[in-house]
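Below are the chains, spelled out letter by letter.
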Amino acid sequence: MWRALREPSHYRAAANMLRRYPRPVDAVARYVFGRGAYPANVAVRTPVGRVSPRLYAPDDMLTLNEVFCRLDYALDEPARVVVDLGSNIGLSALYFLTRASRPFCHLYEPDPRNASRLRDNLERFGGRWELAEAAVAPRAGRVRFATEPTGRYGRVGDAPSDAAITVDCLAINDVLDRALSRTGTIDLVKIDTEGLELATVRAMDPTLLRRVRAIVFEAFDEKPDGPLHPALFTQQLRGSVCRLTRRRD
């Protein structure tokens, strides 16, 4: 953890922890040292007031800090329409929903336990999000989904029989087309699918991407080896987060 805090992308997070958390000492203890009992409600200041998502493990505190303090998914202008692939327990969605623009979020999470916790964390924002309990990948079908105790690192793929479930998987272009058919544009596609991110971005139909403003995805397991959809997006890699921003016409 101390090594991570020395990375440039974490300086802003360290400063933001003092501003975002009403109880910064407790937040630092949880994030840096892994201390504190769980489940726990951790309060965060947002543009629409204080929210207190329920966290279930120290790994959830890592996610909370990445989203609200490291600002992994922040845009220059607040997103109005978000497609969130790998919504976990709803912390990224909570960030989007607490911006001033009152966005609508299309959420996708295949782990039933995470989905239940997501609904609890987002209950206050009913009517501004919808959840599909499904994975998203280049192609549709029924897939094996590897679960693990924290809920943060579940992924499509093989796992011991007692740690795997079978889930619906939707094709990324069907997901994009559905959102675009309702709203006309998508401001942000966020992807955190534990290893499927690059393949999913590469499979996106350029004709659909012309109406997408930005894509942000985790690139921890596999870094892009070249520009992705370069005719449409500029690309920036910061730490483990890759950001594609729509070129101006």
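Description of the structure in this document. (Residues numbered from 1 in each chain as written. Predicted model: local features only at pLDDT ≥ 70, side-chain atom pairs only at ≥ 80, totals over all residues. Heavy atoms only, no water.)

### As for the pattern of salt bridges
A side chain with one charge can pair with a side chain of the opposite charge if their charged atoms come near.
In step 1: All chains considered together, the criterion is met by eleven salt bridges.
In step 2: Two residues, Glu66 and Arg152, come together in a salt bridge whose shortest N-O distance is 3.2 Å. Taken together, the residues Glu66 in helix H4 (residues 58-68) and Arg152 in the loop between strand E9 (141-146) and strand E10 (155-156) connect sequence positions 86 residues apart. Taken individually, Glu66 and Arg152 each receive the classification buried, so the pair is uniform in this respect.
In step 3: Across the pair Asp84 and Lys190 runs a salt bridge whose closest N-O atoms are separated by 2.8 Å. Remark: Lys190 occurs in strand E12 (residues 188-191) and Asp84 occurs in strand E5 (residues 81-85); sequence separation between them is 106 residues.
In step 4: Overall, Lys190 belongs to the buried group, its relative accessible area being 3%. (Salt bridge = Lys/Arg side-chain N within 4 Å of Asp/Glu carboxyl O. Helix = DSSP H or I, 4+ residues; strand = E, 2+ residues; numbered from the N terminus. Buried < 20%, exposed > 50% of the residue type's maximum accessible area, 1.4 Å probe, protein only.)

### What about the nonpolar core?
In step 1: Ranked by size, the top nonpolar core spans 41 residues in total, and within it Tyr21, Met61, Leu64 and Trp129 carry the most contacts.
In step 2: Elements with a contribution of two residues or more to this core: helix H2 (11-20), helix H3 (24-33), H4, helix H5 (91-97), strand E6 (104-108), helix H6 (112-121), strand E7 (129-132) and strand E13 (214-218).
In step 3: Among the elements that line this core, the one with the most residues is H5, at six residues.
In step 4: Apart from residues no more than four positions distant in its own chain, Tyr21 is found in contact with Ala27, Val42, Ala43, Val44, Arg45, Met61, Leu64, Asn65 and Cys69.
In step 5: Core analysis: the next-biggest nonpolar cluster, separate from the first, contains 27 residues, Val83, Leu180, Leu228 and Leu232 among them. (Core = buried A, V, L, I, M, F, W, Y, C linked by side-chain atoms within 4.5 Å. Contact = heavy atoms within 4.5 Å.)

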